[in-house]
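Residue-level listing of the chains:
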Amino acid sequence: MTDKTANAMWGGRFAAGPDAIMEAINASIGFDKRLAQQDIEGSRAHAAMLAATGILNDSDVDAIRKGLLTVLSEIDGGSFQFSTALEDIHMNVEARLKELIGDAAGRLHTARSRNDQVATDFRLWVRGQCDAAIAGIEALMRALVDQAEQGADWVMPGFTHLQTAQPVTWGHHMMAYVEMLARDRSRFADARARMNESPLGAAALAGTSFPIDRHMTATALGFDRPMANSLDAVSDRDFALEFLAAASISAMHLSRFAEELVIWSSAQFRFVRLSDRFSTGSSIMPQKKNPDAAELIRAKIGRIFGANVALMMVMKGLPLAYSKDMQEDKEQVFDAADNLMLALAAMDGMVRDMSANREALERAAGSGFSTATDLADWLVRVLGLPFRDAHHVTGTLGGLGRTGRCRSARSDACADAGRPSRHHRRDFRCSRRA
Ligand code: ARG
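These figures come from a predicted structure and were not determined experimentally.

## Describing the layout of surface pockets
In step 1: Taken as a whole, the second largest pocket encloses approximately 410 Å³ of empty space.
In step 2: Lining the second largest pocket are 17 residues, with Ser265, Ser266, Arg270, Val272 and Arg273 positioned closest to its centre.
In step 3: Contributing elements (two or more residues each) for the lining of the second largest pocket: strand E5 (272-273) and strand E6 (355-356).
In step 4: When its residues are assigned to classes, the lining of the second largest pocket shows six nonpolar, seven polar and four charged.

Here is the structure:
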């Protein structure tokens, strides 16, 4: 496709248009159209500043402002024609603006580059996702607190190594996740606070010769301040990586809980019953009710971890300042954010709908010798035994050990003497010590 005309935005020194393959590898509009709202918000703030500083005249900026609103409504209404030839959301919006308002559109890009433009758009988008993640986490925390309140004193086994360890309560277990989620929330809040600086005005990398007001655009976009260094402003994506890191940790928590729900909803445990709304059936086995939402949460989490690693890989070799590699930041973050929000919503729905089975919890807590530690503690407190001895004595009590016969080679009194055991002293069924 070399006979195509050169790009109207940057093609001044180009005699021919890009090859179709070049267009395919270069275009980001297929995904960065998701930044349309942020792009137009950023352009409106930039245009208003250009008017306030006298860099553009009021009538041009008024036309730009109205034109941008029309573009936004076309995008929102679905009538906007996105063009791959126009590469990305920034040039798609500007080209349409030119169709709508004519030459004034060409003045919008004064004192700006797509480099500070995309850095601004993406920061705004990721900042919004921090807020969404915080809201999703808080909803799930409330659902867990409701569960905890309902079963505050329902006794259940606590596990280590997934072996019955000591009794805890349903409320205690639910509140463990509330603590984890509270830390997740604060990680998103920390990341949000750090990323909330405006790259606008950094232009391509070195700032601009126009007398812009960076504080004005920063304030208009809800940023705390302009970024201090223009090279940094256009070339780092650590804000997106912090989002992905916070998302990964939160996703890891969701995945652990999802794993517990899969175990707990099994016929072997029956600790919880998941609602029909958050389970599926089997097409062949009529008795089945599968915890698919929990399984999919557990599985989707891998995409979030993957996005974190992928963006680290994109960034790790890039010299300052902007490189086109950085266009590859968006899809990873979009996908991770979508899946995190979905996982949070699905977990919230499951937790709200699920009912804990008090009888099954208590029955399980009553088996597996979950109070053996309490008995040992009692021997220490009441009889004054050293804890190690109390531990041993408790361990010798009938039923605690394995159910096989004694295999000690060293205990004459044992009927099974002669069957070798390396652990005679731990063989609680034998009354004689080695
Ligand atoms: N679509 C590009 C991106 O997402 C916008 C910035 C392009 N800048 C440039 N100098 N080519 O990174």
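## Topic: the nonpolar core
In step 1: In this structure, Trp170, Phe188, Phe257, Trp264 and Met347 are the most contacted members of the largest nonpolar core, which totals 92 residues.
In step 2: Here this core takes 15 residues from helix H10 (residues 238-264), the largest share from any one element.
In step 3: Contact partners of methionine 347, with chain neighbours within four places excluded, come to Leu140, Leu254, Phe257, Ala258, Leu261 and Ile297.
In step 4: Core analysis: the next-biggest nonpolar cluster, separate from the first, contains six residues, Ala45, Leu200, Ala218 and Leu221 among them.

## Topic: helix H5 (residues 89-101)
In step 1: A rise of 1.5 Å per residue sets the reference length of H5, with its 13 residues, at 18 Å; its end C-alpha atoms lie 18 Å apart and thus fit the reference within 8%.
In step 2: Of all the positions in H5, only Ile89, His90, Met91, Asn92, Val93, Glu94, Ala95 and Leu97 are classed as buried.
In step 3: Buried-residue contacts for H5 involve helix H2 (29-32), helix H3 (36-52), helix H4 (58-77) and helix H6 (114-150).
In step 4: The N-terminus of H5 is capped by aspartate 88, whose side-chain oxygen sits 3.3 Å from the backbone nitrogen of histidine 90.
In step 5: After H5 finishes, the residue glycine 102 shows a positive phi value of roughly 80°.

## Examining the pairing of strand E1 (residues 155-160)
In step 1: As defined by bridge partners, E1 adjoins strand E2 (residues 163-169) across six bridges and the pair is classed as antiparallel. Considered in E2, the bridge of methionine 156 is made with valine 168.
In step 2: In textbook terms, the turn of a hairpin is the stretch between consecutive antiparallel strands, and for E1 and E2 this stretch comprises two residues, one of which, histidine 161, has a positive phi near 55°.

## With respect to the packing of H3 against H4
In step 1: Following both chains from N to C, one finds H3 and H4 inclined at 170°, their axes separated by 9 Å at the closest point. By the angle class used here, H3 and H4 are roughly antiparallel. For the pair formed by H3 and H4, the contact residues are Ala36, Gln37, Ile40, Ser43, Arg44, Ala47, Ala48 and Ala51 on the first element and Asp58, Val61, Ile64, Arg65, Leu68, Leu69, Val71, Leu72 and Ile75 on the second.
In step 2: Counted by class, the contact of H3 with H4 contains 12 nonpolar, two polar and three charged residues.

Basis of the calculations
In every chain, residue numbers begin from 1 and rise along the written sequence. Reporting in this predicted model follows two pLDDT cut-offs: at least 70 for local features of residues, and 80 or more for side-chain atom pairs to be given and counted; totals over whole chains, interfaces and linings ignore these cut-offs and use all residues. With hydrogens and water excluded, all non-hydrogen atoms of the structure serve as input to the side-chain values. Two kinds of site are reported from a 1 Å grid over the protein atoms alone, namely cavities, where a 1.4 Å probe fits but cannot get out, and pockets, open sets with protein on both sides within 12 Å along at least five of seven lines, and residues are called lining when an atom falls within 4 Å of a point. Grid points are joined across faces, edges and corners, and a volume is the space filled by probe spheres set on the points. Runs of H or I in DSSP of at least four residues are treated as helices and runs of E of at least two as strands, each being numbered from the N terminus. Each residue gets one of three labels, nonpolar for Ala, Val, Leu, Ile, Met, Phe, Trp, Tyr, Cys and Pro, charged for Asp, Glu, Lys and Arg, and polar for the others, Gly among them. Residues grouped as a nonpolar core are buried Ala, Val, Leu, Ile, Met, Phe, Trp, Tyr and Cys residues, joined through side-chain atoms within 4.5 Å. Think of it in three bands: residues with accessible area under 20% of the maximum for their type are buried, residues over 50% are exposed, and the middle band is partly exposed, with areas taken using a 1.4 Å probe on protein chains only. Only heavy atoms enter the contact rule, under which two residues are in contact if any of them lie within 4.5 Å. Here a helix's expected span is defined as the number of its residues, less one, multiplied by 1.5 Å. In the analysis that follows, any N or O atom pair within 3.5 Å is treated as a polar contact, provided that within protein one partner can donate a hydrogen and the other can accept it, and provided that, for residues neighboring in sequence, both atoms belong to side chains. One bridge is not enough; two strands pair if DSSP finds at least two bridges between them. Each axis is a line fitted through C-alpha atoms, and for a helix only the stretch in contact is used; angles between axes span 0 to 180 degrees, taken between their N-to-C directions. Geometric relationships in this document are graded by angle, where less than 35 degrees denotes roughly parallel, more than 145 denotes roughly antiparallel, 65 to 115 denotes roughly perpendicular, and other angles denote oblique.

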